[in-house]
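Each chain, letter by letter, is given below.
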Amino acid sequence: MTESQSQTRPFAVITGGNQGIGYELAAQFAANGHDILISAHGDGLPEAAERLGQHGTTITTAKADLTTYDGVEALYAAICETDRPVDALVLNAGLGLGGHFVGGTALDDELRLIALNVTSTVHLAKRVAPDMVARRAGRILVVSSVSATTPTPFEAVYGGTKAFGLSFAEALRNELAEHGVSVTALLPAQTETNFFHRGDMDDTAIGAGDKNDPTEVARQGYDALMAGQDKVVGGDWSAKFKGNVTNKILTEEQKADAHHDLARPGSAEAND
Ligand SMILES: NC(=O)c1ccc[n+]([C@@H]2O[C@H](COP(=O)([O-])OP(=O)(O)OC[C@H]3O[C@@H](n4cnc5c(N)ncnc54)[C@H](OP(=O)(O)O)[C@@H]3O)[C@@H](O)[C@H]2O)c1
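As a starting point, this report considers the structure included with it. (Residues numbered from 1 in each chain as written. Predicted model: local features only at pLDDT ≥ 70, side-chain atom pairs only at ≥ 80, totals over all residues. Heavy atoms only, no water.)

1. Observations regarding the site of the ligand
Around the ligand, the surrounding shell holds 31 residues, and the nearest of these are N18, Q19, G42, T193 and R198. Contact distances for the ligand include 2.5 Å between an oxygen atom and a side-chain N or O atom of N18. Within the side chain of Y158, one N or O atom sits 2.7 Å away from an oxygen atom of the ligand. When the ligand sits alone it has 880 Å² of accessible area, and the protein chains cover 98% of it. The cavity where the ligand resides is the largest pocket. Broken down by secondary-structure element, the contributors of at least two residues to the shell around the ligand are α2 (20–31), α6 (156–177) and α7 (195–198). Considering every element that reaches the shell around the ligand, the biggest residue donor is α7, with three residues. Considered class by class, the residues forming the shell around the ligand number 13 nonpolar, 15 polar and three charged. (Near = heavy atom within 4 Å. Polar contact = N/O pair within 3.5 Å; in protein donor to acceptor, adjacent residues only side chain to side chain. Areas by Shrake-Rupley, 256 points an atom, 1.4 Å probe, with all protein chains shown as cover. 1 Å grid on protein atoms, 1.4 Å probe; cavity = no way out; pocket = protein on both sides within 12 Å on 5 of 7 lines; lining within 4 Å. Sits in = over half its atoms within 2 Å of the grid points. Helix = DSSP H or I, 4+ residues; strand = E, 2+ residues; numbered from the N terminus. Nonpolar A, V, L, I, M, F, W, Y, C, P; charged D, E, K, R; others polar.)

Here it is, written out as C-alpha cells:
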C-alpha cells in the first residue's frame, strides 16, 4: 500500500476500539474503507489491529489510560503523529459499575468512572473538534446509553455519566452544525460485551439477561453517524421501543422502579 493510497481514505479514531462495541464500530469503519486509529488501556490492541487489518486499510494503535489527563494528551499526541485530519471521532471508551451507593461501590471506582465516561469525553472532543471546525468537516459519535433516558438505581453514577454524554452530544451538535461538523449519540441497550462483568453486575437481572448483538448495535451507530442523525437507540425492536417510546411516557419514578428490579445486586437469582 502506498502512502498516497492511504491518504485518500478517510481517517477515523475510536476510543476503546480493542473490544466490545468499540471494536465492532472500528470494524464498521474499516469495512467501509477508513484508515483507523484505535485506543485502549489494557491488552488486546495488537490482536484487534490484526483482525481489523483484514479489510485492507491502515490500522494504528495507541495505548493510553483515559482516566488520566496525561493519558488523553498522549492519545491526542498519537493522533497528531499520524498527520491525518480526523474525519470521524468515536468517543466510546467507558466503564460501568453496579452496586449499592451506600455500603457497596467504592468512591475511587466511581471517580475513575466519571474520569473516563465524562472527563475524557470532554477532553478529547476539546482537542479534536477545533480542527474539524477549521476544516468545516467531521463527524463525532458519542457512545452514551439507553440509560441516559432513565434514572439507574444501583448504577446511579454510571447512568448520570451517560445522561451527560447524551446532553453533551445534543448541545455540541447544535453548536457545531453551522461549522459543518455533525454530532451523533449512540444509545445502546444492554449489549453482549465485557461491560456487565467488568462492572460487577453478573448477579443482576440485567447482567444475566438477554443482550443485544454488538455488531448490530455498532452497525446502527455507524449508519446513524454517516446519515448525520442526532441519535439512535442501539439494539433490537424492544430496545428501541424502550428508548424511544416507553422512557418518554413513564415518570422518572416509574422508570427508576423498573431499573431497580433489573440492576439490584442479587436480582439475577430472584428472576431464575
Ligand atoms: N454493553 C452494554 O450493555 C452497553 C450499553 C450501553 C452503553 N454502553 C457503552 O458502550 C461503551 C463501550 O462499552 P462495551 O460494552 O463495549 O464494554 P467493554 O467491552 O468493557 O469495552 C470498554 C472499552 O473501554 C476501554 N477502557 C476501559 N477503561 C479504560 C481506560 N482507563 N482508558 C482507556 N480505555 C479504557 C476498554 O479498553 P481496555 O479493554 O483496554 O480496558 C474497552 O475498549 C461504553 O461507553 C459503555 O458505557 C455499553
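2. A word on the packing of aromatic side chains
Overall, the coordinates contain four aromatic pairs when judged by the stated rule. With 5.5 Å between their ring centres and 15° between their planes, F164 and F168 make a pair best called stacked. Taken together, the positions of F164 and F168, both in helix α6 and four residues apart, correspond to about one turn of that helix. For F168, a relative accessible area of 18% translates into the label buried. Put simply, the rings of Y158, F195 and F196 touch in pairs and so form one group of aromatic residues. Here the basic side chain of R51 rests over the ring of Y23, its NZ or CZ set 4.4 Å away from the ring centre. (Phe/Tyr/Trp six-rings, centres within 6.5 Å; stacked < 30°, edge-to-face > 60°. Buried < 20%, exposed > 50% of the residue type's maximum accessible area, 1.4 Å probe, protein only. Lys NZ or Arg CZ within 6 Å of the ring centre and 35° of its normal.)

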